Amino acid sequence: MQDTERITEVPGGAGNKAGFVTIIGRPNVGKSTLMNRLIGQKIAITSYKPQTTRKRIRTVFTEDRGQIVFLDTPGIYRGANRLGEYMYRAALGTLNEVDLVLWLVTPSASVSEEDRAIARLLTEVKTPVLLVINKTDTVKKEAILPVIAAYSGLGGEENGEERFLDILPVSARTGDGVGELLDCVFRHLPEGQPFYDEDTVTTETEREIAAELIREKALRLLQEEVPHGIAVTIEQFKYRTRKDGREICDIEASVICEKNSHKGIIIGRGGAMLGRIGSAARAEIEDLLQTQVNLKLFVKVRKDWKDNDLQLKSFGYDMKELR
Ligand SMILES: Nc1nc2c(ncn2[C@@H]2O[C@H](COP(=O)(O)OP(=O)(O)OP(=O)(O)O)[C@@H](O)[C@H]2O)c(=O)[nH]1
Ligand SMILES: [Mg+2]
């Protein structure tokens, strides 16, 4: 995991802690929302639908105490196709190579079978685990203690030691408890030099984030199973100076779907749906790039792309990149 050479000069502001922290959990528990909240910026896309995140998203948080490199991961779920296999491996592939694992759950005192399975997986992992109970804004304060009790029973004991370093309630939505979570992460990180310079927020490229933002709008605006069959590729991404001297970025992107019938739904009557996806995405890409954006979207059908390794790779899901 630690494939980046540490920079030898400590940049101003960076203290003496540095490490990698992977965020895992069932789909939809709020992993991406929490990571964005922790770093104070929207990098990972989020939606109310499960299986939003498909690959690892790396972000970097640097402050006086040091540097945390966060890895947001797809929700742990065994999908039936190659994309599902890719996502499963992306979620679990780093656990033994990072310094800390944040296992995110939601505040229910009856632990689901999926979470029991994750607890069993974690008993095989050597890395220390912090259990984070998210979405505490959705329950009364009194409801949290029984959740803590239910999950602490799951951790198992190793040589008399509790499996979890700590159990922390948070709300990624309101920010409640997130400061305490950061304190706890810094406390448990090893000492060391930072991996990235202090201005780095993510290793994702602007193109990659733009493609994800388009996919996010498709996920949020389209109904039913259509968005789960979508991939987005950037065909063109070019900055230019307009005649009036202002900068503009011309972006052409393809929305890939699995069926002709889906293509019709994505385009919508008279192009209305594609127009909504495009303008919602354009507004956020403009925020990200801090420049005007001219976004053109096309829709293509690629049947069975989720089971085709070559196509998966060209859409950014490269099995071989995963270790
Ligand atoms: N009420 C509440 N909702 C939250 C909180 N955190 C996340 N959500 C919502 O939960 C939904 C899922 O959030 P995501 O961050 O996309 O969840 P995820 O775990 O990354 O999901 P996958 O990538 O699909 O595994 C979204 O609708 C979020 O707005 C929280 O603390 N409170
Ligand atoms: Mg996510």
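What counts and how
- Residues numbered from 1 in each chain as written.
- Chains lettered and ligands numbered in written order.
- Predicted model: local features only at pLDDT ≥ 70, side-chain atom pairs only at ≥ 80, totals over all residues.
- Helix = DSSP H or I, 4+ residues; strand = E, 2+ residues; numbered from the N terminus.
- Rg over C-alpha atoms; globule rule 2.2 N^0.38 Å.
- Buried ≥ 20, exposed ≤ 12 C-beta atoms within 10 Å, placed from the backbone.
- Contact = placed C-beta atoms within 7 Å.
- Core = buried A, V, L, I, M, F, W, Y, C linked by C-beta atoms within 7 Å.
- Domains from an automatic or database assignment.
- Near = placed C-beta within 6 Å.
- Nonpolar A, V, L, I, M, F, W, Y, C, P; charged D, E, K, R; others polar.
- Pairing = 2+ DSSP bridges.
- Axes fitted to C-alpha atoms, helices over the stretch in contact; angles between N-to-C directions.

Some details on the overall build of the chain
(1) Moving on: Of regular secondary structure, the chain possesses 9 helices and 11 strands.
(2) Moving on: For 323 residues, the compact-globule formula gives about 20 Å, and the C-alpha radius of gyration of the chain, at 21 Å, lands near that figure.
(3) Moving on: Principal-axis analysis of the C-alpha atoms gives the chain an extent of 65 × 45 × 40 Å.
(4) Moving on: Taking all 323 residues of the chain together, 39% fall into the buried category.
(5) Moving on: Of the contacts made within the chain by residues no fewer than 6 positions apart, 70% connect residues no fewer than 24 positions apart.

Section: the nonpolar core
(1) Moving on: In terms of nonpolar packing, the biggest core is built from 82 residues, with Trp103, Val132, Ile214 and Val255 touching the most fellow members.
(2) Moving on: Among the elements that line this core, the one with the most residues is helix H6 (residues 206-221), at 7 residues.
(3) Moving on: Looking at this core, you find at least three residues from each of domain 1 (17-188) and domain 2 (206-321).

Considerations on the site of ligand 1
(1) Moving on: Around ligand 1 there are 24 residues in total, and Gly30, Thr33, Thr46, Thr53 and Gly75 lie nearest to it.
(2) Moving on: Top contributing element to the shell around ligand 1 by residue count: helix H1 (residues 31-39), with 3 residues.
(3) Moving on: Here the shell around ligand 1 is built from residues that sort into 6 nonpolar, 14 polar and 4 charged.

Some details on the sheet that holds strand E8 (residues 164-169)
(1) Moving on: Taken in spatial order, the 6 strands line up as E2-E3-E1-E4-E5-E8 in an open sheet, and their pairing is mixed. The sheet terminates laterally at strand E2 (57-63) and E8, the two strands that pair on one side only. In this sheet, adjacent strand axes meet at a mean angle of 20° when their direction is disregarded.
(2) Moving on: Bridging between strand E4 (residues 100-105) and strand E5 (residues 129-133) involves 5 bridges; their strand directions are parallel.

Description of the environment of Thr106
(1) Moving on: Looking at where Thr106 falls in the secondary structure, it is placed in the loop between E4 and helix H3 (113-123).
(2) Moving on: Look at Thr106 and you get partly exposed, because 18 C-beta atoms sit within 10 Å.
(3) Moving on: The spacing of Thr106 and Gly192 is 86 residues in sequence and 33 Å in space, taken between C-alpha atoms.

Re the environment of Ala80
(1) Moving on: Note on placement: Ala80 falls in the loop between strand E3 (66-72) and helix H2 (82-92).
(2) Moving on: Ala80 sits 239 residues away from Met319 along the chain, and the two C-alpha atoms are 15 Å apart.

Quick word on the domain arrangement of the chain
(1) Moving on: Split into domains, the chain comes out as domain 1 (17-188) and domain 2 (206-321).
(2) Moving on: Placing the centre of domain 1 and that of domain 2 at their C-alpha centroids yields a distance of 28 Å.
(3) Moving on: Of the residues assigned to the side of domain 1 that touches domain 2, the class counts are 4 nonpolar, 4 polar and 4 charged.

Structural notes on the sheet that holds strand E11 (residues 292-301)
(1) Moving on: The 3 strands lie next to each other as E9-E10-E11, forming an open sheet whose pairing is mixed. Edge strands, defined here as strands with exactly one partner in the open sheet, are strand E9 (231-241) and E11. Pairs of neighbouring strands in the sheet enclose a mean axial angle of 15°, with direction left out of account.
(2) Moving on: With 10 bridges connecting them, strand E10 (residues 247-257) and E11 associate as parallel partners. Within E11, the residue paired with Asp250 across the bridge is Asn294.
(3) Moving on: Contacting E10 and E11, helix H7 (residues 260-267) runs over the sheet at an angle of about 155° to E11.

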